[in-house]
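# Coordinate analysis (summary)
What follows is the residue order along each chain.
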Amino acid sequence: MAEKLKLEVSDEIAIKVESMNKWFGSFHVLRDIDLTVNRGERIVVCGPSGSGKSTLIRCINALEEHQTGQIIVDGTELTSDIKNIDRIRSEVGMVFQHFNLFPHLSILENCTLAPIWVRKIPKKEAEETAMHFLEKVKIPEQADKYPGQLSGGQQQRVAIARSLCMRPRIMLFDEPTSALDPEMIKEVLDTMIELAEDGMTMICVTHEMGFARQVANRVIFMDDGQIVEQNEPEQFFRNPQSDRTKLFLSQILGH
Amino acid sequence: MSGESNSFVRKEMISERIPPAAERGLFKWVRENLFSSVFNTIMTFVSLWFIYSIVVAAAPWFLNGIWDAKTIRECYDLLDGKSGACFAVLNERFPQLIYGFKYPSSEYWRPNLASILLLFALAPILFRKLPRRLLAFSAVYPFLAFWLIWGGSILTSVSAFLGCVIAIVCYRRFSSRSFAIAVLISLIAANVWWIIGGYIVDLNDSVLALKDVPSRDLGGFMLNLLLGTIAVCLSIPLGIALALGRQSGMPIIKWICVFFIEFIRGVPLITLLFVANVILAFFFPPGTSLDLILRVLIMMTFFNAAYIAEVVRGGLAALSKGQYEAADSIGLDYTQSMRFIILPQALKISIPGIVNVSVGMLKDTTLVSIISMFDLVGMIRGPILSSTDWNGVYWELFGAAAAIFFVICFSVSKYSQWLERQLETDRR
């Protein structure tokens, strides 16, 4: 196991979620969620499927609407005001399980589209930024190809670069390695670790417990739409408190 | 084999050889496609015999065809009892078939020029590789074509064009504030200009004036082409807007679009054309009347747009939800995500459907003959067949009409296949 990442966390609050509730129809997916994320924190969210962890981070950039409670991102409260939503989305990067690259655009165009049209950055500059981040995720040579020509791991790294091109202050990862072949998981995790080393605020839904140990400064365990337990990774893995957590950990670490 | 060694070393490499004669070229194709089994061999011969009999039966009719005669009786005299076509009617009535029977013959150059320029206007839209600056001509073309075909002072077209430019400038200016306000302001500005422009045009109605040709004098294939081109060009953007409206989260917009689409799709085109011809007049105050061609165009555009909307909706539904979410997550607003992410992909999927509907629309323009407009079919059924000179030349006339439409529709479908292949390059 690689060395544990030691990084300072500032006192500044990046995300504040307060008694937030969400329903899908009559199904209560998220129940009284309270969560404060400081700038520079790396949080790993885990839990059984259907526990609401993806829904939670999708609420943070308003891909899902919450019904009661408050979500404040970067000092802006998420309401139904579309201007606020667009502003928060341009500050918060999101990486999806299935990459969701734009198949009709080249890799470079995937990365420059939002900076050019949302940030109004000149094309030349946007392309330079894009190349910078493509180099950071180690695939600058693929810039002129189309997503369909890349492997899953490469596509996911492009997706990370695409988010970074907007120079977000917070990154959300929704099971970024779950759809990848085993030999490609490492290249994506390495990219994410590098990002953490740069001090990015990250919330990461993942089952990669090695990654959680190495990078996270807090692990959150969710079940049945609520936060059941949260702790530092060392404590969380060595000494889980709740029975649900113990059961979950025994299931995913048991083999 | 017990005494022999299992080891083997090749002394000389085998050089490349061509496949045996039976496995290459035409011979292979014929064997595999025409004579691959007893049954297929029989079918091949039956088909060959069938094709042969059709050719033998039809050839004399074409070969004996008379191209030069004044009337059908002269034709029959020249044929002298032989079987043969009387293509002379196409020759003699050519202007009527193409331009209708009222368009002044001294002005035929105008629709001719307009249709040649149409090719130049369409080229940059149809072929992405051409320089984008040519699109400026495509933008001017509708106004130019109006002036050429209908005549009158060029100021009418110029004024209409300037009104559109003013609307676009106003929209650009105010679109950063609010979409609705920008649209409202640009509509008001354009209409104010058109009113002012109308007075100016009335005062100087002889500037570069071409002879006026009223709408009722248009006819022949020109009318089909005009109706088809305009209806298809207008209905594609309208159809896309309807499809997006149908997906809208705003209930009123959604219901309007759903009602419009379902209503138009539930009514036959002929009924809509009758509505355009007869009933629409009741809704206008007495004395005012919209041009018949304009009324027909509106109905055809609506009709085609409703179908295109459903095709595009299919394309939108085929995209994964992830594409919408990814576009949202990088901060694109609704217009941007539609323009750059959703529509390019959805329209690509919709191309075969849009072309299918539009080719249908091109052919359906002949239905206007039923509301007594003299398009190509209207000319044939009306003035030509009912004249004593050519009463009874059905095959040649309708055959020619079919051939003209086939050439156009087949080219359109070939173009769409080419376009699909062009856009396919970005997958794998």
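Residues numbered from 1 in each chain as written. Chains lettered and ligands numbered in written order. Predicted model: local features only at pLDDT ≥ 70, side-chain atom pairs only at ≥ 80, totals over all residues. Heavy atoms only, no water.

On to the state of the cysteines, then. All names here are of chain B. The full count for this structure, using the stated rule, is 1 disulfide over all chains. Across the disulfide from Cys75 sits Cys86; the S-S distance is 1.9 Å. Taking the sign of the S-S torsion, about 95 degrees here, the bridge from Cys75 to Cys86 comes out right-handed. In this pair, Cys75 sits in helix H3 (residues 72-79) while Cys86 sits in the loop between H3 and helix H4 (88-92), placing the two residues 11 residues apart along the sequence. By relative accessible area, which is 0% here, Cys75 ends up buried. (Disulfide = S-S within 2.5 Å. Helix = DSSP H or I, 4+ residues; strand = E, 2+ residues; numbered from the N terminus. Buried < 20%, exposed > 50% of the residue type's maximum accessible area, 1.4 Å probe, protein only.)

Let's shift gears to the interface of chain B and chain A. Of the residues lining the interface, 22 residues belong to chain B; the matching set on chain A comes to 26 residues. Buried surface at the junction of chain B and chain A, summed over both partners, amounts to about 2,000 Å²; 59% is from carbon and sulfur atoms. Where chain B touches chain A, the interface holds 2 salt bridges. In this structure, Asp328 of chain B engages Arg89 of chain A in a salt bridge whose closest nitrogen and oxygen atoms are separated by 3.9 Å. Applying the counting criterion to the chain B and chain A interface returns 6 residue pairs in polar contact (both at pLDDT 80 or more). (Contact = heavy atoms within 4.5 Å. Buried area = accessible area lost by both parts, 1.4 Å probe. Salt bridge = Lys/Arg side-chain N within 4 Å of Asp/Glu carboxyl O. Polar contact = N/O pair within 3.5 Å; in protein donor to acceptor, adjacent residues only side chain to side chain.)

Along the polypeptide, Glu325 of chain B turns up in helix H14 (residues 321-329). Residues Glu325 of chain B and Ile270 of chain B, 55 residues apart in the sequence, show an inter-C-alpha distance of 43 Å. Sequence-distant contacts of Glu325 of chain B, defined by excluding residues within four places in its chain, comprise Arg58, Leu63 and Phe96 of chain A.

Let us now look at helix H7 (residues 135-150) of chain B. All names here are of chain B. Between its first and last C-alpha atoms H7 spans 23 Å; for 16 residues at 1.5 Å apiece the expected length is 22 Å, and the two agree. Taken as a whole, H7 carries its principal kink of about 40 degrees at Tyr141; the proline Pro142 stands between one and four residues after it. Burial in H7 covers these residues: Ser138, Tyr141, Phe143, Ala145, Trp147, Leu148, Ile149 and Trp150. Packing partners of the buried residues in H7 comprise helix H6 (109-126), helix H8 (154-174), helix H10 (220-247) and helix H13 (292-318). (Expected span 1.5 Å × (residues − 1). Bend = angle between axes of the 7 residues up to and from the residue.)

So, on to a nonpolar patch on the surface. All names here are of chain B. Taken together, the side chains of Phe274, Val278, Ile279, Phe282, Phe283 and Ile370 make up a nonpolar region of the molecular surface, amounting to roughly 630 Å² of accessible area. Here Phe283 lies in helix H12 (residues 269-283). Overall, the relative accessible area of 64% leaves Phe283 in the exposed class. (Patch = residues over 30% accessible without salt bridge, like charges linked within 9 Å, V, L, I, M, F, W, Y side chains within 5 Å. Areas by Shrake-Rupley, 256 points an atom, 1.4 Å probe, with all protein chains shown as cover.)

Moving on: the domain arrangement of chain B. Per the domain assignment, the segments of chain B are domain 1 (25-62) and domain 2 (95-103 + 217-423). Taken over C-alpha atoms, the centre of domain 1 of chain B sits 40 Å from the centre of domain 2 of chain B. (Domains from an automatic or database assignment.)

Now for the sheet that holds strand S4 (residues 68-73) of chain A. All names here are of chain A. Pairing within the open sheet is antiparallel, and its 4 strands lie in the order S2-S1-S4-S5. With partners counted over all chains shown, the strands left at the sheet margins are strand S2 (27-38) and strand S5 (76-77), one partner each. As paired elements, strand S1 (residues 13-24) and S2 share 8 bridges and run antiparallel to each other. Bridged to Trp23 within S2 is His28. (Pairing = 2+ DSSP bridges.)

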